[in-house]
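# Structural description and commentary
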Amino acid sequence: MSSVLDWEATPNPVKENRAGNIGKAVDRYEGPLKVTGTAPYAYEVEPPSPPDYGVMLSAPIAKGRITAIDTKAAEASPGVQLVWTYKNAPKQGPRPERYDFFTPSPRPALESDQVYYFGQQVAVVVADTLENAQAGAALVELSFEAAPQSVIFSDHYDEADQPPGESDIEIGDFETGFAEAPVQIDDIWRTPLQNHCQMEPCATTAWWDGDQLTVHTSVQMVRFAQNSLAETLMVPHKNVRLLTRYVGGGFGGKGSFYEDLVLASLAARELGRPVKIAFSRQQMMHGTVHRPATEQRVRLGATEDGHLTAMSIMTTTHCDRRGNFTEHASNFARNLYAAPNRLTGHRLVRLDLPVASAMRAPGEASGTLSLEVAMDELAEKLGMDPMELRILNEPPTDPETGKPFSIRQLVRCMREGAQQFGWDRRNPKPGQVRDGRWHMGLGMAAAIRGNFLLPAKASFTVDADGVITVKQGMTDIGTGTYTVLAQIAAETLGVPLGDVRVEIGDSELPPAPGSGGQFGAATAGSAALDAGMNLRKAIAEIAVNDQASPLYGGPSEDITFQDGVIAISNRSERLSELIRRNRPEGLTADGEVRPAADAAKWSSHTYGAHFVEVAVDTVTGEVRTRRMLGVFAAGRILNWKTARSQLTGGMIWGVGSALTEGNVVDARYGSLINQDLAGYLVPVQADIGELDAIMLDEVDDKANPMGIKGVGELGISGAGAAVANAIYNACGVRVRDYPITPDKVLAALEAQGR
Amino acid sequence: MRPFTYERAADAASAVKAATETPNARFVAGGTNLLDLMKLEIETPTHLIDVGRLPMAGIEETAEGGLRIGAMATNSHVAADARVRSRYPVLTQAIVSGGSGQLRNKATTGGNLLQRTRCAYFYDTAKPCNKRAPGSGCGALEGLNRNSAIFGASHACIATHPSDMAVAMVALGASVEVLSPSGGARSFPLMELHRLPAERPDVDTHLVPGELITAVVLPPPPKGGQIYRKVRDRASYSAGLASVAIAGGQVALGAVAHKPWRAAEAEAALGAGASPAEAIAAELANASENGRNGFKINLVRRLVPAAIEEARSNWAEKNGSVA
C-alpha cells in the first residue's frame, strides 16, 4: 500500500504542469451538449423501441396501512398496460434491517401494505403514453387506515438518544472549564428540514434484452446503484448495466436511488418493452431524502482576553423509523478552534417523516450555522473583532487529536478575504450604516470541510490517432468531472485537450465510488493519474524497443510527452505514429488509487473564510445580500472555472439556508407543506448581488498524489453564518431559528421596542 | 393532467358563446397559472377556449385622460408602456414585482386578474380545501397559514389573492370591462371583481359563467405620489407577505385578503387629516389573525406609513411641494 510520504516525494505530470492544463479555467467538456439540449438526461434517453410510461402514486398519510385497493377502472383505462401495488408487484430482494451508504443491498418497491411516511410510493400505473398513465393513475382507488404519528421534531426532543454505535467526545473537563470561564456563550440554534431540489428530478429509462437489463438513471454512485438494483431484482450484478451519463444535480439526494429505477426495471421486464418513470417535483420533496432538522446547543467559555477555554456543540436531530442517518452537525467543531476543554456529540430522534440522508456538506452546513454565529456573539461580548478572535484561537495542531495538519491556511483565507472585502470598514457597533431605507451590515465566518480519498480505478487508451480515451465508472453531477479528467489526461500524456475523450457514468467502466462528500475529483482524478502514468510507461517501453522509432534504444525514463509528440532530447516522433505502427488497435493501461496506509497520521481538511454584506429593511424585516466573498484553501485546484462554480454555488446555498430555505411539517398530515419551487424558496439571481470566490495557491501533498482536495461542499460551510452575522451587524438582531425570514426579524425588532 | 379539448376563439363573442354553451370550459390566454393547475389536477376543465390571440392587446388613451388596457396585453407589455411608466408608475412597479420575466412575457392582463391563490393547501390535492374541493374543509385554517388573510377571511377559507398588478389597479380606481353571455358589455369597478370567500371560496369573482374580461380602464392618475412596495421572503419570483399600492390618497393592500384590498378606512382617515400611522391603524382595526399570520398585521402597520411617506416625498421632490 502506498504511503503519503511517497506521494509527497514522487513527481508527476500533474504536479509539474508543464503544458499548463492543470488549474486552467477550461470550459466544461460537455458544456456545448448541455446548453444546446443535446445531452440526454436519463428520462430523455431514446430506448431501442418505443417505451411505455409509468406514473407513481404516493401515500397521502404519514403512518398506517393500505386497507383496500381497487385498480379495475385504472386497468380498463385506455392504454394502461399494468397497475401494481404491494398486492401484485413482482417479488424483490428483501429490505435489510438497516441501510448504509457503501454496502449495496436491495431497495424493494411497493413491498407491503405498510406506510412509513407521507409520500411513500404505493402504486404505479404504466401505459403507452404519459398522459394515459396519468389518467389511469387518477382512477386507482386506494384506502388507508392512518395510525398515530410522530412528525414534529421539537415535540420529541425528550426521546432523543445516542445514535447507534456513537458516543460523545470529551477532551479535558468541559463542564468545569465552562463553569470557570469568565466569559460565556450558551445558546440554542435551530435549522429546518431541507430538500435538495435538484433541477433534474429522479428519473429512469429501462429496457431488457433477454436477461440483460440496461438502465439510464440519475444517480451519484454507479457501482453502488448497479449492485443494489441487481439485488433488488434478484439477478446477478453482471446482468445489470447502469448508465448515468448526465446528472442534473445530486447534492447527496442521489447517493442512493428510488422507486423510479426499481419500478421501471421491473415493468420493462414484465412488459417486454422499455419503460420510463420519473418523479414529479412534488414527489421529490417527500419521496426521496432530505436534510433533517437540528437543534444545536453551543456553549463557549473564554478568558477575558479571548482564549477559548471550553467549547461544546451538542446536536439533536432526527431520522426516519427505519433509517440510521445522523446529521453530524457537531463533528466539524472537533477540528476547528483550540480549546482545552471540549464536548461534542449527537442525539437522534426517530420520526414518521420521510427518509433523512446526506445533503451538501452534511454536518458542516447545519453545524456552522450555530458555532460560527456563537463565535460572533462571543467576539462582541469580548469587544474583539470576530476574525481576530478566530485567529487568536487558531490551533497549532488538530485541537482534538493533536495530529499535525497536512496543511491549514485558514488564517490566510481570513486575512486575504478581509483585505479584499474591506473588512476594516466594518463598524463593530450594529445598526450604524444606512443606504436609504436599508441598514447595512458586514459579517464573516470560517469554513471547514473534511477531505477524503476512496478506492477507485480508471483506464486510459491511446488510439492510432493519438487520441486518449479516459474510461471510468464515475459520475459528473454538474461538478466538472468530465472536464477535470480530460485535463489530467491531457497533462499526463502530453496531448492537446481536444485529443482527449472522456467516458464516465457506466457500470461497465472501471469502478469509482462516484460523487459525494467532495471526494470525487481527488478520488477519480488520482486513479486517472495512475492510469495515465501506466500508459506513459507502456508507451515508453514500446518506443525504446521499436527499431522504427527515432527513440529506439534510448532510456525510457527520459522520454518527454508534449503536444502529442514523444521525445528523448532532439529525437522525436508523433505519439500517433508510434501507436499506428505498434498498436493500431490501441493501447490501454489501467490505474487505481487507494487511501494511503499512513493517511490517518494527519488532520486533513479544506478551509475557507466567508465575508458578506447584507441590507436589512428594518420596517419590513426583509434581508438582501449585497456582496459575498469567499476565500478558500482546498489543495491544488484542477480547474479554476468549475471549482469556482462549485464554491459560489455552495455560498449561494448558504444564503438560502440563512434566509429562505426549509420545509415545514404539518403535524396533522405528517407532510411537508411547501412542495414545489414556488413554495420552497431557494435563492434566485436577484437575491445574490456581487459574488466571488478566491482560491488560494495551495498543494496538499498528503491528500493524494496530485495534492488536490474537494470544493463541492466547502462553499456552503459557514456561508449562512456569515449572513446571520451580517444581519446582526446591520440591525442588532439575532435570529437563531433558521431561516431568518422577515417575520422573525420583525418579531426580534419589535421585542427591542423598534 | 386530464384529457381536454381545445379551440381557438375566432372573436370575443364566439369565445363567450362557446364558454356559455360548453360545460366545464375555461378560457386560456397566457396559461401561466391555469396550465400548472391542470397538470396538478387542481383545475380539471374538459374544454379550453384559447382567447390569447384575440385582438385585445392594445393600450389606448381614453377620452377622460386615462388608459384602456386590453385584456390580452401581456404583463411585460403593460409594465413597459411609456404612458403607464410615466403616469401610473405604481402599476409598472407592481407588475414587475410579480412572477418572473418569463411569466410576465406570457401572462395577460385579464389572466393576471383571474389567477388563483397560492395557498399551499389549495395546491396540495391530498389536503382539504374548500376552494379546490368545496365542502372538504380548510386545511390552512389550523395549519401552516403564515401567509393567509388578515382581512375578510371566513371559517371556510383564509386564502389570499396573489396578484400584484390588481392591487395597483385597485389603488388607481380602475374599472373592468367584460363581455357577457347575453352579448352585452358591462363595466364595473375592479375592486368589485373579486369576492370575499364567505361560504363559497371556490368562487373567486363576481363574473357570471362565460363572461370574458375584455379590458381594464384606468382613470386619469390621481394627484399625488405613487408607489408599490411588496414585502417578500426573497427578492424575486416570490409571493408577497404583504404589499401596498399608494396612488395619491388612495391605498390598496395585497396578500392580505381574498381580493385586492382597498384600504377604505385608511383612505378616509387620511382624507380627514390623520397621519399615515393613524390611518393604517384605523384600517387594521378590522384585521384579524389566524394562528401564524399575526406578523402580517405588524408588517402592514409598519409598511404602509413608510410607503405613504415615500410616495409623498417622491411627489414633493418632483413637484416642489408636499401633496
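Above this text sits the structure in question.
Residues numbered from 1 in each chain as written. Chains lettered and ligands numbered in written order. Predicted model: local features only at pLDDT ≥ 70, side-chain atom pairs only at ≥ 80, totals over all residues. Heavy atoms only, no water.

### Description of the sheet that holds strand β4 (residues 59-61) of chain B
Residues and elements named next belong to chain B.
- Judged by pairing direction, the sheet is antiparallel, and its five strands sit side by side in the order β4-β5-β8-β6-β7 without closing on themselves. Only two strands of the sheet have a single partner each, and these edge strands are β4 and β7 (185-189). On average, adjacent strands in this sheet sit at an angle of 25° to one another, irrespective of strand direction.
- Where β4 and strand β5 (residues 67-70) come together, three bridges link them in antiparallel fashion. (Pairing = 2+ DSSP bridges. Helix = DSSP H or I, 4+ residues; strand = E, 2+ residues; numbered from the N terminus. Axes fitted to C-alpha atoms, helices over the stretch in contact; angles between N-to-C directions.)

### Considerations on the pattern of salt bridges
Residues and elements named next belong to chain A.
- This model, assessed by the stated rule, comprises 65 salt bridges over all chains.
- The partner of E8 in a salt bridge is K702, with the nearest N and O atoms 3.1 Å apart. With E8 in helix α1 (residues 4-9) and K702 in the loop between β32 (690-695) and α17 (719-731), the pair connects residues that are 694 residues apart, well separated along the chain.
- Residue K702 is classed as buried on the basis of its relative accessible area, which comes to 18%.
- What you see here is one network of salt bridges that share partners, running through D187, D376, E377, R734 and R736. (Salt bridge = Lys/Arg side-chain N within 4 Å of Asp/Glu carboxyl O. Buried < 20%, exposed > 50% of the residue type's maximum accessible area, 1.4 Å probe, protein only.)

### Quick word on the sheet that holds strand β1 (residues 52-58) of chain A
Residue and element names in this part refer to chain A.
- The strand order across the open sheet formed by seven strands is β3-β5-β1-β13-β10-β11-β12, and the pairing between neighbours is mixed. Edge positions in the open sheet fall to β3 (80-84) and β12 (240-243), since each of these has one partner strand only. The average angle at which neighbouring strand axes cross in this sheet is 20°, direction not considered.
- Direction of pairing for β3 relative to strand β5 (residues 121-127): antiparallel, over a ladder of four bridges. Counterpart to W84 in the pairing with β5 is V124.
- Across the sheet, helix α7 (residues 222-233) lies against β10 (203-209), β11 (212-217) and β12, angled at about 140° from β12, the strand it touches most.
- Sitting on the sheet, helix α8 (residues 259-271) touches β1, β3, β5, β10, β11, β12 and β13 (275-278), and the angle it makes with β10 is about 30°. (Contact = heavy atoms within 4.5 Å.)

### Focus on the nonpolar core
- In terms of nonpolar packing, the biggest core is built from 113 residues, with L300 of chain A together with L253 of chain B touching the most fellow members.
- Excluding its chain neighbours within four sequence positions, the residues that come into contact with L300 of chain A are F178, V183, Q184, I185, L308, A310, M311, L371, A374, M375 and L378 of chain A.
- Of all hydrophobic cores here, the second largest spans 56 residues; its members include F460, I488, I542 and L551 of chain A. (Core = buried A, V, L, I, M, F, W, Y, C linked by side-chain atoms within 4.5 Å.)

### Here we look at the packing of helix α11 (residues 276-284) of chain B against helix α12 (residues 295-319) of chain B
All names here are of chain B.
- Where α11 meets α12, the closest approach of the two axes is 9 Å, and the angle between their N-to-C directions is 140°. Here α11 lies oblique to α12, going by the angle between them. α11 and α12 meet at a crossing whose hand is right-handed. Packed against α11, whose contacting residues are P276, A277, I280 and L284, the element α12 presents I297, V300, R301, V304, P305, I308, E309 and R312 at the interface. (Parallel < 35°, antiparallel > 145°, perpendicular 65-115°, else oblique. Left-handed = near helix turned anticlockwise from the far one by under 90°.)

### Concerning the side chain of N130 of chain B
All names here are of chain B.
- Within the secondary structure, N130 is located in the loop between α8 (120-123) and α9 (165-171).
- At a separation of 3.2 Å, a polar atom in the side chain of N130 contacts the main-chain amide nitrogen of G135.
- Of note is the side chain of N130, whose polar atom sits 3.3 Å from the backbone nitrogen of S136.
- Sequence-distant contacts of N130, that is, excluding residues within four places in its chain, are made with G135, S136, G137, C138, A156, P201 and D202. (Polar contact = N/O pair within 3.5 Å; in protein donor to acceptor, adjacent residues only side chain to side chain.)

### Digging into the packing of aromatic side chains
Residue and element names in this part refer to chain A.
- Applying the stated criterion across every chain yields a total of eleven aromatic pairs over all chains.
- Between Y41 and Y246, the ring centres sit 6.1 Å apart and the planes meet at 50°, which makes this aromatic pair tilted. Here Y246 lies in the loop between β12 and α8 and Y41 lies in the loop between α3 (31-35) and β1, a separation of 205 residues in the sequence.
- With relative accessibility at 12%, the residue Y246 sits in the buried group.
- Here the guanidinium or amino end of R736 rests over the ring plane of W189, the centre of that ring lying 5.7 Å away. (Phe/Tyr/Trp six-rings, centres within 6.5 Å; stacked < 30°, edge-to-face > 60°. Lys NZ or Arg CZ within 6 Å of the ring centre and 35° of its normal.)

### Digging into the pairing of β13 of chain A
Residues and elements named next belong to chain A.
- Of the pairings in the sheet, the one linking β1 to β13 comprises three bridges and is parallel in character. Within the sheet, the bridge partner assigned to Y53 lies in β13 and is K276.
- Pairing analysis gives four bridges linking β10 to β13, with the strands arranged antiparallel. Considered in β13, the bridge of T204 is made with I277.

### Describing the packing of helix α16 (residues 640-659) of chain A against α17 of chain A
Residue and element names in this part refer to chain A.
- Running from amino to carboxyl end, α16 crosses α17 at an angle of 55°, the nearest separation of the two axes being 7 Å. As summarised for this structure, α16 and α17 are arranged oblique, according to the angle between their axes. The hand of the α16/α17 crossing is right-handed. Residue-level contacts link M651, G654, V655, A658 and L659 of α16 to A719, G720, V723 and I727 of α17.
- Residues belonging to the contact of α16 with α17 are distributed by class as follows: seven nonpolar, two polar and no charged. (Nonpolar A, V, L, I, M, F, W, Y, C, P; charged D, E, K, R; others polar.)

### Quick word on the interface of chain B and chain A
- Listed by partner, the interface residues are 34 residues for chain B and 36 residues for chain A.
- It is L144, R234 and R302 of chain B in chain B that bury the most area against chain A; as a group they hold 25% of the surface buried on that side.
- Linking chain B to chain A there are three salt bridges.
- Put simply, D743 of chain A and R146 of chain B hold a salt bridge, and the shortest N to O gap is 3.1 Å.
- Scanning the region where chain B abuts chain A turns up 16 residue pairs in polar contact (both at pLDDT 80 or more).
- Those elements that provide at least two residues to the side of chain B that touches chain A are α8, β9 (226-232) and α12 of chain B.
- No other element matches α12 of chain B, which puts seven residues into the side of chain B that touches chain A. (Buried area = accessible area lost by both parts, 1.4 Å probe.)

### So, helix α1 (residues 12-21) of chain B
Residue and element names in this part refer to chain B.
- Buried residues of α1: A12, A15, V16, A18 and A19, and no others. All buried residues of α1 lie within an arc of 160° about the axis, which places them on one face of the element.
- Where α1 is buried, its residues touch β1 (5-8), β2 (25-28), β3 (47-50), β6 (175-179) and β8 (212-218).
- Where α1 begins, the capping side chain belongs to D11, and its oxygen is found 3.2 Å from the backbone nitrogen of A13. (Arc of directions from axis to C-beta.)

### Considering the state of the cysteines
- Considering all chains together, one arrives at zero disulfides over all chains under this definition.
- In this model C319 of chain A remains outside any disulfide bridge; the closest cysteine sulfur is found in C202 of chain A, 20 Å from its own. (Disulfide = S-S within 2.5 Å.)

### Let's talk about the environment of P511 of chain A
Residues and elements named next belong to chain A.
- By secondary structure assignment, the location of P511 is in the loop between β23 (500-503) and α14 (520-545).
- Taking the C-alpha atoms as reference points, P511 and Q121, 390 residues apart in sequence, are found 31 Å from one another.
- The residues contacting P511, other than those within four sequence positions of it, are R223, A456 and K457.

### Details of unusual backbone geometry
All names here are of chain A.
- In this chain, Y738 is followed by P739 through a cis amide linkage whose omega measures -5°.
- The backbone of F251 sits at a positive phi, close to 60°, despite the residue not being glycine.
- With respect to the helices, strands and loops of the structure, F251 is situated in the loop between β12 and α8.

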